[in-house]
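# Structural description and commentary
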Amino acid sequence: MSFNDKNIDVTKNIKVIEWLKSELLMAVASLYELLVKGIQNSHDAMLDSVSNIILVAYLLGKRLGVSYESIDAKVEEKAKLALVEEHKIEQWYGDLGSLLEYFKRKRS
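Calculation criteria
- Think of each chain on its own: its residues are numbered from 1, step by step along the sequence as written.
- Only residues with pLDDT of at least 70 are given local features in this predicted model, and only at 80 or more are side-chain atom pairs given and counted; all residues enter the totals for whole chains, interfaces and linings.
- Values reported for side chains reflect all heavy atoms of the structure, with hydrogen atoms and water molecules removed beforehand.
- Only DSSP runs of H or I covering at least 4 residues are called helices, and only runs of E covering at least 2 are called strands; the numbering of each starts at the N terminus.
- For this measure, only C-alpha atoms enter the radius of gyration; the expected value for a globule follows 2.2 Å times N^0.38, where N is the number of residues.
- Any residue under 20% of the maximum accessible area for its type is buried, any over 50% is exposed, and the rest in between are partly exposed; the area is computed with a 1.4 Å probe on protein chains only.
- Contact criterion: two residues are considered in contact whenever any of their non-hydrogen atoms come within 4.5 Å of each other.
- Throughout, the Shrake-Rupley method with a 1.4 Å probe supplies accessible areas, and for residues the shown protein chains are the sole cover considered.
- Positive charges are assigned to Lys and Arg, negative charges to Asp and Glu, while His and the chain termini are left out of the count.
- Where a charge lies is defined by one atom per residue type: Lys uses NZ, Arg uses CZ, Asp uses CG and Glu uses CD.
- Within this document, salt bridges are pairs made up of a side-chain nitrogen of Lys or Arg and a carboxyl oxygen of Asp or Glu, the two lying within 4 Å of each other.
- Patch membership is restricted to residues that have no salt bridge and whose relative accessible area is over 30%. Joining uses 9 Å for like charges and 5 Å for the nonpolar side chains Val, Leu, Ile, Met, Phe, Trp and Tyr.
- Axis geometry follows a simple rule: fit a line to the C-alpha atoms, using only the stretch in contact for helices, then measure angles between N-to-C directions, giving values from 0 to 180 degrees.
- With respect to orientation, any angle under 35 degrees is reported as roughly parallel, any angle over 145 as roughly antiparallel, any angle of 65 to 115 as roughly perpendicular, and every other angle as oblique.
- Take the far helix as the reference: if the near one is turned anticlockwise from it by less than a right angle, the crossing is left-handed, and if turned clockwise, right-handed.

As a further point, take the overall build of the chain. From N to C terminus, the chain includes 5 helices and 0 strands. In terms of overall dimensions, the chain is more spread out than a globule: its C-alpha atoms have a radius of gyration of 18 Å, far above the 13 Å expected for 108 residues. Counting only C-alpha atoms, the chain reaches 55 × 35 × 25 Å along its principal axes. Among the 108 residues that make up the chain, the fraction classed as buried is 18%. Relative to all contacts within the chain whose residues are 6 or more apart in sequence, the contacts with residues 24 or more apart total 42%. Summed over all atoms, the accessible surface of the chain reaches about 8500 Å², with 61% contributed by carbon and sulfur. Here the chain contributes 15 positive and 16 negative side-chain charges, whose respective centroids are spaced 5 Å apart.

So, about the pattern of salt bridges. Pairing is possible between side chains that carry opposite charge, provided their charged atoms lie close to one another. Taken as a whole, this structure holds 7 salt bridges when the rule is applied. The closest approach of N and O atoms between Asp 72 and Lys 106, which form a salt bridge, is 3.6 Å. Residue Asp 72 is located in helix 3 (residues 68-84), and its partner Lys 106 is located in helix 5 (residues 95-107); the two are separated by 34 residues in the primary sequence. Lys 106 sits in the partly exposed class, given a relative accessible area of 46%.

Our focus in this paragraph is a nonpolar patch on the surface. Where nonpolar side chains cluster on the molecular surface, the patch consists of Leu 55, Leu 59 and Tyr 68 and spans about 250 Å² of accessible area. Its relative accessible area of 47% is what places Leu 55 among the partly exposed residues.

Our next topic: the packing of helix 2 (residues 43-63) against helix 3. Across the interface, helix 2 lies against helix 3 with an axial gap of 9 Å and an inter-helix angle of 120 degrees. Considered as vectors, helix 2 and helix 3 are oriented oblique to each other. Considering how the two elements wind past one another, helix 2 and helix 3 form a crossing that is right-handed. When helix 2 is examined against helix 3, the residues Ala 57, Tyr 58, Leu 59, Gly 61 and Lys 62 are found in contact with a partner set consisting of Tyr 68, Ile 71 and Asp 72.

Written out as structure tokens, the structure is:
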């Protein structure tokens, strides 16, 4: 690979990172818009927005040099820590415990 090819790859990667950042912002904005309008009868639209946020976050992480596995491991680590620290979301709804169970089932 020549010097020019490396420059093109770096430039291309920077452009993709910038595009992914804007995609992430648009996906979050879309979710906010759904929440402002009210979420009755919009389960599919909300699922689409949330899954798009997660997808773009994975792709952005990958472009920034972070593996998908590392992202999963860090999310699981953060959930475990929040569980130990008795985060309110766990106290009120048990969401962290159910997320950790999801990760455990996914590994099996």
